[in-house]
Amino acid sequence: MKFLVFFELLLIVNFFYQFECQSKIWKKLNLPNEHIPYFFNSNQALRKKCLKEDLCPYKEVASQNATKCWGYEKNCKSNNRLFVPECPGSSNGWVTDKREQVELFWQQGDFGYIKERLGEMKTYCAAEKPGDSKLECVNHLRMCRAKNIFFDFADLNSKNSNDRYREDIFKRGQVGGRCKLDSGLLKKNGDHKSPLQSWYSELQLFQELETNPVDDSKCDIVVDQPTFLIKLDAGVNMYHHFCDFVNLYVSQHANNSFLQNVNIVFWDTSGSDYWSYFSDMWKVFSNKKPIHLKNYEGKKFASEMQYSRFLLVCALAYSTTCR
């Protein structure tokens, strides 16, 4: 009898454990229901997982095996895109015909922008064995993604600075990873060096390290969750600050990462605090409070997975001519 009771309790515990684990997986997806078909098309493994799990709330969508796509996927046909732009105005003077007008807008002000940037993605520092660091960036280092990267903020000195975009916070040996660096490619793509145009200032001194920074006991902070590094525009201005949010949304797509369990780090080299009327918008992207760079002052920091958000995306909004 005791064995039977214990076995029943074990079944109950196991059931609730499976229920909790399965429900957590789908709760982490931070997308509206109408976007789930597009997400599943890019994540077939999760789609199959959903079909096998009774507790998946998107089972009906997953069973349809929809061909809907955002537009930047390699197998995405134009008629299956989320949105097909309409350009009612004249195309004379800047394109040859209506078709080129629509396509140009899609490339510059829609998901076609992401497709072009992903086509530019190159490896700047290549991992040579499992557990090594890795650094990938698009042209001009407008966005990068990295794994097992090291930063030493010994010279951040934010307390004595009002400059939010300083370019002198690193010295040699203070940023890098254990990987094979293509220094020529890195230098070649430093041609757009500017605070809100490129990440070259932060990565120009990137060096090959002998040890894995994540495994190195010298690090004060090792973050094992995805982390977005963000340079902010003017938080007091609605247009300029929403450029930050639009760029972050584009970065989510570029990295195929829509989970809320992520860190957001404000790459602000000053000692100033962040304030904005629109600060609640960060809750759309993360269930954690954003972190100011000054919190890492004087510390050695390593992250197992980190992304920098796109730069220069929102500048396109000034010339938007389609709907």
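Each remark here, short or long, concerns the structure printed above.
Residues numbered from 1 in each chain as written. Predicted model: local features only at pLDDT ≥ 70, side-chain atom pairs only at ≥ 80, totals over all residues. Heavy atoms only, no water.

A word on the overall build of the protein. On a plain count of helices and strands, the protein comes out with ten helices and 13 strands. By residue count, 44% of the 323 residues in the protein fall in the buried class. Element-wise, carbon and sulfur atoms account for 53% of the exposed surface of the protein, whose accessible area totals about 17,600 Å². (Helix = DSSP H or I, 4+ residues; strand = E, 2+ residues; numbered from the N terminus. Buried < 20%, exposed > 50% of the residue type's maximum accessible area, 1.4 Å probe, protein only. Areas by Shrake-Rupley, 256 points an atom, 1.4 Å probe, with all protein chains shown as cover.)

A separate point is empty space enclosed by the protein. Summed over the entire model, instances satisfying the criterion amount to four cavities of 30 Å³ or more. Considered as a void within the structure, the largest cavity measures approximately 120 Å³ in volume. Around the largest cavity, the lining is made up of 14 residues, and of these F151, L203, L229, Q306 and S308 lie nearest the centre. By residue class, the composition of the lining of the largest cavity is ten nonpolar, two polar and two charged. As a volume, the second largest cavity reaches approximately 40 Å³. Along the walls of the second largest cavity sit R164, Y165, R166, E167, S194, P195, S201, E202, K231 and W267, which together make up its complete lining. Considering only residue class, the lining of the second largest cavity consists of three nonpolar, two polar and five charged. (1 Å grid on protein atoms, 1.4 Å probe; cavity = no way out; pocket = protein on both sides within 12 Å on 5 of 7 lines; lining within 4 Å. Points joined across faces, edges and corners; volume = space filled by probe spheres on them. Nonpolar A, V, L, I, M, F, W, Y, C, P; charged D, E, K, R; others polar.)

So, about the pairing of strand β10 (residues 263-266). Alternating residues of β10 divide into N263 and V265 and I264 and F266, and every residue in both groups is buried. You can see the chain leave strand β9 (residues 227-230), run along helix α9 (residues 238-255) and come back into β10, and the turn it takes is right-handed. Relative to strand β11 (residues 291-292), β10 runs parallel, the two sharing two bridges. When the sheet's bridge partners are listed, F266 is paired in β11 with H292. (Right-handed = clockwise from strand over helix to strand, strands pointing away. Pairing = 2+ DSSP bridges.)

Across three bridges, the pairing between strand β1 (residues 122-126) and strand β2 (residues 134-137) is antiparallel. Looking across to β2, one finds that T123 is bridged to E136. Examined bridge by bridge, β2 and strand β3 (residues 144-147) share four bridges and lie antiparallel to one another. Bridge pairing in β3 places E136 opposite R145. Joining the antiparallel neighbours β2 and β3 is a turn of six residues, in which H140 adopts a positive phi near 65°.

Taken residue by residue, helix α6 (residues 112-120) has G112, Y113, I114, R117 and E120 as its buried positions. Residues of α6 that are buried sit in contact with α5 (98-109), β1, β2 and α9. (Contact = heavy atoms within 4.5 Å.)

The tally for this structure, following the rule as stated, stands at four disulfides. Disulfide partner of C50: C56, at an S-S distance of 1.9 Å. With the S-S bond torsion at -85°, the cross-link from C50 to C56 turns out left-handed. Given the relative accessible area of 6%, C56 is considered buried. Residue pairing for C69: its cysteine sulfur links by disulfide to C76, the two sulfurs lying 2.0 Å apart. Looking along the S-S bond of the C69-C76 disulfide, the torsion reads about 75°, which is the right-handed sense. With a relative accessible area of 13%, C76 lands in the buried category. (Disulfide = S-S within 2.5 Å.)

Before going further, it helps to examine the pattern of salt bridges. In total, this model carries 14 salt bridges according to the counting rule given. The salt bridge partner of R178 is D132, with a shortest N-O separation of 2.7 Å. Linking R178 in the loop between β5 (175-177) and β6 (180-181) with D132 in the loop between β1 and β2, this pair joins segments that are 46 residues apart in sequence. In this structure D132 comes out as buried when scored by relative accessible area, which is 5%. When the shortest N-O distance is used, the salt bridge between D155 and K171 registers 3.9 Å. Of this pair, D155 sits in the loop between β4 (149-152) and β5 while K171 sits in the loop between β4 and β5, and the two are 16 residues apart along the sequence. Of the residues examined, D155 reaches a relative accessible area of 26% and is grouped as partly exposed. Among the charged side chains, a salt-bridge network with shared partners connects E116, R117 and E120. (Salt bridge = Lys/Arg side-chain N within 4 Å of Asp/Glu carboxyl O.)

Our focus in this paragraph is the packing of aromatic side chains. Aromatic ring pairs are reported here in terms of the distance separating the ring centres and the angle at which the planes meet. Counted under the stated rule, the structure contains 28 aromatic pairs. Where W26 meets F40, the ring centres are 6.4 Å apart and the plane angle is 80°; that geometry is what we call edge-to-face. With a gap of 14 residues between them, W26 in helix α1 (residues 2-27) and F40 in helix α2 (residues 36-42) connect regions that are remote in the sequence. In this structure, W26 and F40 share a single accessibility class: buried. Relative to F301, the ring of Y296 lies with its centre 4.7 Å away and its plane at 40°, an arrangement referred to as tilted. Each member of the aromatic cluster is reached from another via a ring pair, and the members are W26, Y38, F39, F40, Y58, W70, Y72, F111 and F258. Looking at R81, its charged tip hangs above the ring of W106, at a distance of 3.4 Å from the centre. In this structure, R117 packs its charged tip against the face of Y113, placed 4.7 Å from the ring centre. (Phe/Tyr/Trp six-rings, centres within 6.5 Å; stacked < 30°, edge-to-face > 60°. Lys NZ or Arg CZ within 6 Å of the ring centre and 35° of its normal.)

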